[in-house]
Amino acid sequence: MLLAEDLLLLALDPDRGTPVNSSRQPLGVALSGALVAELGLAGLVEEDGRRLAPIGPRPAHPLLADVHAALGTVRGRRAADQLRRLDGAVGGVWSRVVDGLVDTGVLGRRRDRILVVRITRHPVLRGEARDEVVKRMRAAAAGDGPLDPRTATVLALSGPSRLLEVVAPQRADRRRAKARIAAATEQTPIAPIVRKVIQEAQSAAAAAGTAAAVASTSSG
């Protein structure tokens, strides 16, 4: 599966089919970061000043191909700006990642009505797929050894996606998990461009989460 698919599965309540802990908005940016990091791990992204630029051949995966192309066109002075704008450039990162998981039978799609509001839910149909991701991330958050690049990337993006309670369900374990999330990319031998992407995605997702919290407080 794609890194972005791992991250989305980590974020979903398997029964309700919605993101846990009000993570929807910061998760959107983090998913973009996961997609670009996937390109980085394949050697298909380079740093061009403060921006990210696509290099190499067009990837075979259609979503990665669209992200690869969009990186060359989205505006923004910094990589974080590009990550925030990728969503519109590829037709909705959240929906594209969800659609891929629905097409492979990992997720379902259910439209419920709550009073006058329609809510689309994506319950997990293949529980073993989500269970594997959750188990791997919890082990990574609790451990102290080096992490493989793919696990490190998802773990690093779980923090700003508000998924600490998923990777460390016991409150007593969360301080350690926070430290592991912060150190995930530093303890893993990944390409500098991937580290750059993760850092920019962390910053952009954290900003999105703060903006969502402020908006929620203001409307309340």
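Everything below is about the structure printed above this text.
For clarity, every value in this text was computed on a predicted model and none was experimentally measured.

About the cut-offs
- Residues numbered from 1 in each chain as written.
- Predicted model: local features only at pLDDT ≥ 70, side-chain atom pairs only at ≥ 80, totals over all residues.
- Heavy atoms only, no water.
- Helix = DSSP H or I, 4+ residues; strand = E, 2+ residues; numbered from the N terminus.
- Rg over C-alpha atoms; globule rule 2.2 N^0.38 Å.
- Buried < 20%, exposed > 50% of the residue type's maximum accessible area, 1.4 Å probe, protein only.
- Areas by Shrake-Rupley, 256 points an atom, 1.4 Å probe, with all protein chains shown as cover.
- Lys, Arg positive; Asp, Glu negative; His and termini not counted.
- Charge placed at Lys NZ, Arg CZ, Asp CG, Glu CD.
- Arc of directions from axis to C-beta.
- Contact = heavy atoms within 4.5 Å.
- Salt bridge = Lys/Arg side-chain N within 4 Å of Asp/Glu carboxyl O.
- Axes fitted to C-alpha atoms, helices over the stretch in contact; angles between N-to-C directions.
- Parallel < 35°, antiparallel > 145°, perpendicular 65-115°, else oblique.
- Nonpolar A, V, L, I, M, F, W, Y, C, P; charged D, E, K, R; others polar.
- Core = buried A, V, L, I, M, F, W, Y, C linked by side-chain atoms within 4.5 Å.

Further remarks concern the overall build of the protein chain. Along the protein chain, the regular secondary structure elements total ten helices and four strands. Along the protein chain, helices (α) and strands (β) appear in the sequence α-α-β-β-α-α-α-β-β-α-α-α-α-α when read from the amino end. On C-alpha atoms alone, the protein chain measures out to a radius of gyration of 17 Å, which is about the 17 Å that the 2.2 N^0.38 rule sets for 220 residues. When the backbone C-alpha atoms are referred to their principal axes, the protein chain occupies close to 50 × 40 × 40 Å. Per-residue burial for the protein chain yields a buried fraction of 50% across its 220 residues. Carbon and sulfur atoms form 51% of the exposed surface of the protein chain, whose accessible area is close to 10,500 Å². In the protein chain, 32 positive and 23 negative side-chain charges are present, and the distance between their average locations comes to 6 Å.

When we look at burial in helix α5 (residues 93-103), the residues that qualify are Val93, Trp94, Val97, Val98, Leu101 and Val102. An end-on view of α5 places all buried positions within 165 degrees of arc, on one side of the element. Lining the buried residues of α5 we find α1 (3-11), α2 (24-41), α3 (62-70) and α4 (79-89). Just beyond α5, the residue with positive phi is Gly105, at close to 80 degrees.

The subject of this paragraph is the side chain of Thr153. Take Thr153: it is sitting in helix α7 (residues 149-158). In this structure Thr153 comes out as buried when scored by relative accessible area, which is 0%. Each residue touching Thr153, except ones within four places of it in the same chain, is listed here: Leu3, Ala37, Val194 and Ile198.

Turning our attention to the pattern of salt bridges. The full count for this structure, using the stated rule, is twelve salt bridges. Between Asp66 and Arg58 there is a salt bridge, and its shortest N-O distance comes to 3.5 Å. Counted as one network, the salt bridges with shared partners bring together Glu47, Arg78, Lys196 and Glu200.

The interhelical angle for the contact between α1 and α5, taken along N-to-C directions, is 90 degrees, at an axis separation of 10 Å. Judged on the interaxial angle alone, α5 and α1 are roughly perpendicular. Each of Ala4, Glu5, Leu8 and Leu9 in α1 lies in contact with α5, whose residues at this interface are Trp94, Val97, Val98, Gly100 and Leu101. Of the residues that constitute the contact of α1 with α5, the class distribution is seven nonpolar, one polar and one charged.

As a further point, take the packing of α2 against α3. One can describe the packing of α2 onto α3 by two numbers: an axis separation of 10 Å at closest approach and a directional angle of 90 degrees. By the angle between their directions, the pair α2 and α3 is classed as roughly perpendicular. Here Leu35, Val36, Glu38 and Leu39 of α2 lie close against α3, whose contacting residues are Leu63, Leu64, Val67 and His68. By residue class, the composition of the contact of α2 with α3 is six nonpolar, one polar and one charged.

For Val166, the location among the structural elements is in helix α8 (residues 164-167). The exposure class assigned to Val166 is buried, which follows from its relative accessible area of 8%. In the structure, Val166 is positioned 146 residues away from Val20 in sequence and 8.5 Å away in space, judged by C-alpha atoms. For Val166, the residues in contact, after removing those within four places along its chain, are Leu10, Val20, Arg130 and Arg138.

With that settled, consider the nonpolar core. Counting 69 residues, the largest nonpolar core has Leu8, Leu10, Val36, Leu107 and Leu155 as the members making the most contacts within it. When residues of this core are assigned to their parent elements, the largest contribution, nine residues, is made by α2. If we skip the residues at most four places from it in the chain, Leu155 touches Met137, Ala140, Ala141, Leu147, Val167, Arg180, Ile181 and Ala184.

Inspection of the secondary structure assignment puts Ala79 in helix α4. For the pair Ala79 and Gly49, spaced 30 residues apart in sequence, the C-alpha to C-alpha distance is 9.4 Å.

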